[in-house]
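A structural walkthrough
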Amino acid sequence: MTLTGKLWIGIGALIVLSPLGLILPDQFKAGSAWGEWGGEEIQKMTGYIPRGFQRLSELWKAPLPDYAFQGWEGKDLFHLSFAYIISAFFGIAIIAGVALLVGKVLLKEHE
Amino acid sequence: MHIPDGYLSPATCGIFGAVMIPIWTVASKAVKKTLNVRQVPFLAIGAAFSFVIMMFNVPIPGGSTGHAVGGVLVAILIGPWAACIAVTVALVIQALLFGDGGITAIGANCFNMAFVLPFAGYYVYTLISSGSPSGSGRRVIAAGAGAYAGICVAALCAGIEFGLQPLLYHTANGQALYCPYGLNVAVPAMVVGHLLVFGWVEVIVTALAVKYLQKQDAVFFEGGRS
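Only a predicted model underlies this, so the values are computations on that prediction, with no experimental measurement involved.

With that settled, the discussion passes to the overall build of chain B. Within chain B one finds 7 helices and 2 strands. When the elements of chain B are put in sequence order from the N terminus, they spell out α-α-β-β-α-α-α-α-α. Relative to a compact globule of 226 residues, whose C-alpha radius of gyration would be 17 Å, chain B shows 18 Å and is just as compact. In terms of its C-alpha atoms, chain B occupies a principal-axis envelope of roughly 60 × 40 × 30 Å. Residue burial in chain B is summarised as follows: out of 226 residues, 61% are buried.

Written as C-alpha cells, this is what we have:
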C-alpha cells in the first residue's frame, strides 16, 4: 500500500477514536477550554456579560455547533459521540477537498 | 486555543486579518515555487490531520481542556509555508461549519495556530536536527522540541491577545467590553496549561509520527525538501 493510503487509514482511525476527546473531559470533570466560555459562564465567573461580547458572540450560527447537530446540547454522551464522528468525517471530507483544490491550483500556476 | 467571537474587539480582529493577508499571499507564492505533484496529497492529509487531532480534547482534571494542533508535524513534513496553508484550511472550516473559533477571530486564530505555531516549531526543529541523518533519534527529539516550542509560543500569543482586551476596551466604570481577563490572568492561564499538559500531547503526537515516517519514507527528512 502507498504511504498516502496508510496515512488516510490512520486519519480514519482517528475519526473513529475522536469521541475520546468528548468522553475524557467528561470523565475527569473538566470544563471548557480557557477563553472559550459562553455568556452564562462568563456571567457566573465575573458577575456580568461584557457588552461587546454579547453583541458579537451570537454573530455566526454554525450548522454543526460544537461538532454536534443543532438542538443536541442536552443529549447524552452516546448520541454526542455519534455526532462527533459524523462531524469529524464530514469536516475531513470538506477540508481534504479544499486542500486538494488549493494544492492543484498552486501546482497549475507553478507549471 | 480557538478564540471565539466576542472575545476580541472588532479592531483587534481587523488587525490580525490585515496581518494574515500578506502572510497567506507569501505562503501561496512560496508553496507555488516548491510544490510538486507528489506533495499535494500531503497538503490534504496535513490539513485533515490537524483538524482531527484538534478534536481530541485533553482534560486537566477538574479544570479546563486543551488539545494538540499538529501544525509543527505538518511543517516538518511539507515545510512551514505549506503547513500555514493546511492549518488555515482546517481553522476556516472549523469556524464556519462547527463554530470552533469565531469567524471574526479567524485572522487571530490563524496567526497563532497557522503561522506562529508551525514556524516557531519548524525553526526549533531545524536548529536541533540540522546535520543529523534522516533516520536519526536526534531528529525525533528535535521534532518533539519543536512541537513543544511551537504550541507554547502560540498559546502565549493567544494569551496576550486575550489579555490586552480589557486594558484597551472597557466601559467608564471599568467593565470589560470583550475578554474580561487581563494579561495577568490570560497569559499564565494559556501558557501554563500548554507548558504542563497540552504541549506534551503535541510532543508525543509529533515525535511518534516522525519516528513512524522515518521508517516509511525517509525522503521527508532529507535536507532541502520542503
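Here the narrative resumes, following the displayed structure.
So, about the packing of helix H2 (residues 20–27) of chain A against helix H5 (residues 77–110) of chain A. Where H2 of chain A contacts H5 of chain A, the axes come no closer than 9 Å and their chain directions differ by 150°. Residue-level inspection shows Leu22, Ile23 and Asp26 of chain A of H2 of chain A in contact with H5 of chain A, the latter providing Leu77, Leu80, Ser81 and Tyr84 of chain A.

On to unusual backbone geometry, then. Residues and elements named next belong to chain A. For lysine 29, which is not glycine, the phi dihedral falls at a positive 50°. Mapped onto the elements, lysine 29 comes out in the loop between H2 and helix H3 (39–46). Under the C-beta neighbour-count criterion, lysine 29 is labelled exposed, with 10 such atoms within 10 Å. In this structure, tyrosine 67 is a non-glycine residue whose phi angle is positive, near 60°. The residue tyrosine 67 is located in the loop between helix H4 (51–57) and H5 in this model. Classification of tyrosine 67 as buried rests on a count of 26 C-beta atoms within 10 Å.

Another aspect to go through is the interface of chain A and chain B. Tallying the contact residues gives 55 residues for chain A and 61 residues for chain B. Those elements that provide at least two residues to the side of chain A that touches chain B are helix H1 (3–17), H2, H3, H4 and H5 of chain A. Ranked by residues supplied to the side of chain A that touches chain B, first place goes to H5 of chain A with 17 residues. In terms of residue class, the side of chain A that touches chain B is made up of 36 nonpolar, 13 polar and 6 charged.

Here we take up the nonpolar core. Judged by nonpolar contacts, the single largest core of 112 residues is most densely connected at Ile95 of chain A together with Leu43, Ala47, Ala48, Val52 and Ala86 of chain B. Excluding residues within four positions of it along the chain, alanine 47 of chain B makes contact with Ile95, Ala96 and Ala99 of chain A together with Ala86, Val89 and Ala90 of chain B.

The next thing to look at is the confidence of the model for chain B. On average, residues of chain B score 95 in pLDDT, and 98% of them are at 70 or above. Listed scores for the predicted complex are pTM 0.96 and ipTM 0.96.

Right, let's talk about the packing of helix H3 (residues 71–78) of chain B against helix H6 (residues 137–168) of chain B for a bit. Residues and elements named next belong to chain B. Taken N-terminus to C-terminus, the directions of H3 and H6 make an angle of 130°; their axes are 8 Å apart at the nearest point. The angle between the axes of H3 and H6 places the two elements in the oblique class. Handedness of the H3/H6 crossing: right-handed. Two secondary-structure elements touch here, H3 through Gly71, Val72, Leu73 and Ile76 and H6 through Ala143, Gly146, Ala147 and Gly150. A per-class count over the contact of H3 with H6 returns 5 nonpolar, 3 polar and no charged.

Rules and cut-offs
- Residues numbered from 1 in each chain as written.
- Chains lettered and ligands numbered in written order.
- Predicted model: local features only at pLDDT ≥ 70, side-chain atom pairs only at ≥ 80, totals over all residues.
- Helix = DSSP H or I, 4+ residues; strand = E, 2+ residues; numbered from the N terminus.
- Rg over C-alpha atoms; globule rule 2.2 N^0.38 Å.
- Buried ≥ 20, exposed ≤ 12 C-beta atoms within 10 Å, placed from the backbone.
- Axes fitted to C-alpha atoms, helices over the stretch in contact; angles between N-to-C directions.
- Contact = placed C-beta atoms within 7 Å.
- Nonpolar A, V, L, I, M, F, W, Y, C, P; charged D, E, K, R; others polar.
- Core = buried A, V, L, I, M, F, W, Y, C linked by C-beta atoms within 7 Å.
- pLDDT = per-residue confidence, 0-100.
- Parallel < 35°, antiparallel > 145°, perpendicular 65-115°, else oblique.
- Left-handed = near helix turned anticlockwise from the far one by under 90°.

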